[in-house]
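Structure at a glance
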Amino acid sequence: MERMNNKVLIVYTGGTIGMVQDENGSLHPFALDRIIDAVPQLKACAYDIDSVTLDNIIDSSNMTPSLWVDIAEIIEREYERYDGFVVLHGTDTMAYTASALSFMFKNLGKPIVLTGSQLPLGMLRSDGRENIICALEVASGRLARVPEVCIFFESHLYRGNRSTKTSAENFDAFESYNYPSLAKAGINITFKEHLLLPLPAEPLTVRKGFDRRVAILKLFPGITEAVVRSVLATPDLQGVVIETYGSGNAPTDGWFIDALEAAIQRGVIVLNVTQCKAGAVKMRQYAASCDLDRIGVVGGGDITIEAAITKLMYLLGNFPSDKEHIKIRLGQSLRGEITGN
Ligand code: ASP
């Protein structure tokens, strides 16, 4: 019996990869057909490719939780028909979308690979061709079973919710500081299979709630009480990520701790994430985090800021009446986004 080709669905959302320059030289998103024309090699690959385009293709600086849901609904609808999915996405907020999708898809059994480029496909030196071809190879499932949301960029496959955009200049634009890359593309695409999430034993579930009533409060020496209090006094605030120093340290001033404690007593969830690119929050390692621990701030371990804010929105959006459950889940790994449990 003739074997059917594997099938990959491309979900095109916009981003530099498909942009063209207007008469003033500014880049705007453009239609997907041009992308396929710009990569004629795609016609020769050993799997079938279909594509869908979001209703509005965007620069990813306009990404929103409702567009995350649109992307997820396309994949959910087509989940059984395809072996994997490639999401073409602007690089600016790709790590946020990858994190959000990773939380939405529980028991994911197929690859969802986000990619994009630093130069549009239509440009001679574009990095887009390599990125899209490798992302499709991974998503086709012919090389390895990858049951996770990933980012492929400039020879590396990263876990999506561990990734961060680190360069607005280099082709090598993403890093995953706290977890090794899952695969490396050279002459072959070589997977480190022991680093991949296990295949799920349960069926896929897709949860689509996101609560936007959250904030990120980044600390810096000299931050004023007025700034801290105004963020925490945001009407209806449900959760805040505080970006602290080093292993989760913050000022020990009475006004600072009091302001946080009052917010926590009002029901606001406070998650502690380090400003450092690598390493983890370790509550109580220094005296400068003991008060945070005492008043009920949750330690975020080695989570990225992108995964932290999307995880907070996701948990608040799907388990709104169970703040204790949310606090416990914030300290645990849901989809491999933190190390340790
Ligand atoms: N501004 C673009 C975007 O994120 C940048 C890119 O795609 O590289 O949509």
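That block above? That's the structure.
Just so we're clear, the structure is a prediction, and the values are computed from it rather than from any experiment. (Residues numbered from 1 in each chain as written. Predicted model: local features only at pLDDT ≥ 70, side-chain atom pairs only at ≥ 80, totals over all residues. Heavy atoms only, no water.)

So, about the sheet that holds strand β16 (residues 239–244). Across the sheet, which stays open at both edges, the 4 strands sit in the order β15-β16-β17-β18 with parallel pairing between neighbours. Whereas interior strands pair on both sides, the edge strands pair on one side only; in this sheet they are β15 (214–218) and β18 (298–299). Helix-sheet contacts for helix α9 (residues 323–330) involve β17 (269–274) and β18, and the interaxial angle to β17 is about 10°. (Pairing = 2+ DSSP bridges. Helix = DSSP H or I, 4+ residues; strand = E, 2+ residues; numbered from the N terminus. Contact = heavy atoms within 4.5 Å. Axes fitted to C-alpha atoms, helices over the stretch in contact; angles between N-to-C directions.)

Here we take up the layout of surface pockets. Estimated volume of the largest pocket: approximately 360 Å³. Across the lining of the largest pocket, the residue classes tally to 10 nonpolar, 5 polar and 6 charged. (1 Å grid on protein atoms, 1.4 Å probe; cavity = no way out; pocket = protein on both sides within 12 Å on 5 of 7 lines; lining within 4 Å. Points joined across faces, edges and corners; volume = space filled by probe spheres on them. Nonpolar A, V, L, I, M, F, W, Y, C, P; charged D, E, K, R; others polar.)

So, about the environment of K208. Mapped onto the secondary structure, K208 falls in the loop between β14 (205–206) and β15. Of the residues examined, K208 reaches a relative accessible area of 28% and is grouped as partly exposed. In this structure the C-alpha to C-alpha distance between K208 and R81, which are 127 residues apart in sequence, comes to 21 Å. Leaving out residues up to four positions away in the same chain, K208 has contacts with V69, E73, E76, M104 and N318. (Buried < 20%, exposed > 50% of the residue type's maximum accessible area, 1.4 Å probe, protein only.)

This part takes up the packing of helix α8 (residues 305–318) against α9. For the pair α8 and α9, interaxial distance at closest approach is 10 Å and the crossing angle is 150°. In terms of orientation, α8 and α9 fall into the roughly antiparallel class. Classified by chirality, the crossing of α9 by α8 is right-handed. Here K311, L312, L315 and L316 of α8 lie close against α9, whose contacting residues are K323, I326, R329 and L330. Of the residues contributing to the contact of α8 with α9, the split by class is 5 nonpolar, no polar and 3 charged. (Parallel < 35°, antiparallel > 145°, perpendicular 65-115°, else oblique. Left-handed = near helix turned anticlockwise from the far one by under 90°.)

Attention now moves to the site of the ligand. What surrounds the ligand is the set G15, T16, D59, S60, G90, T91, D92, S117 and Q118. T16 has a polar backbone atom sitting 2.8 Å from an oxygen atom of the ligand. Contact distances for the ligand include 2.4 Å between an oxygen atom and a side-chain N or O atom of T91. Protein coverage of the free-state accessible area of the ligand, which is 270 Å², stands at 91%. Here the shell around the ligand is composed, by residue class, of no nonpolar, 7 polar and 2 charged. (Near = heavy atom within 4 Å. Polar contact = N/O pair within 3.5 Å; in protein donor to acceptor, adjacent residues only side chain to side chain. Areas by Shrake-Rupley, 256 points an atom, 1.4 Å probe, with all protein chains shown as cover.)

Take helix α4 (residues 128–139) next. Residues separated by three or four positions in an α-helix point in the same direction, a consequence of the helix having 3.6 residues per turn. In a regular helix each residue adds 1.5 Å, so 12 residues correspond to 16 Å; α4 covers 16 Å between its end C-alpha atoms and thus fits that length. Looking at α4, one finds that the buried residues are G128, N131, I132, C134, A135, L136, E137, V138 and A139. Just beyond α4, the residue with positive phi is G141, at close to 75°. (Expected span 1.5 Å × (residues − 1).)

Extensive coverage of helix α3 (residues 94–104) is indicated by the burial of 10 of its 11 residues. Within α3, burial applies to M94, A95, T97, A98, S99, A100, L101, S102, F103 and M104.

Bringing the state of the cysteines into the picture now. The full count for this structure, using the stated rule, is 0 disulfides. As a non-bridged cysteine, C276 has C290 as the owner of its nearest cysteine sulfur, 18 Å distant. C290 gets classed as partly exposed once you look at its relative accessible area, which sits at 23%. (Disulfide = S-S within 2.5 Å.)

Another aspect to go through is the environment of A215. Along the chain, A215 turns up in strand β15. Sequence-wise, A215 and Q238 are 23 residues apart; in three dimensions their C-alpha atoms are separated by 8.7 Å. With sequence-adjacent residues up to four places away left out, A215 is seen in contact with V231, L237, G239, V240, V241 and I309.

Moving on, we come to the nonpolar core. Grouped together as the largest cluster of nonpolar side chains are 54 residues, with contacts concentrated most on L101, M104, F105, I112 and L114. Counting residues per element, this core draws most heavily on α8, which supplies 9 residues. Setting aside residues up to four positions removed in sequence, L114 forms contacts with V87, H89, M94, T97, A98, L101, V149, C150, I151 and F152. (Core = buried A, V, L, I, M, F, W, Y, C linked by side-chain atoms within 4.5 Å.)

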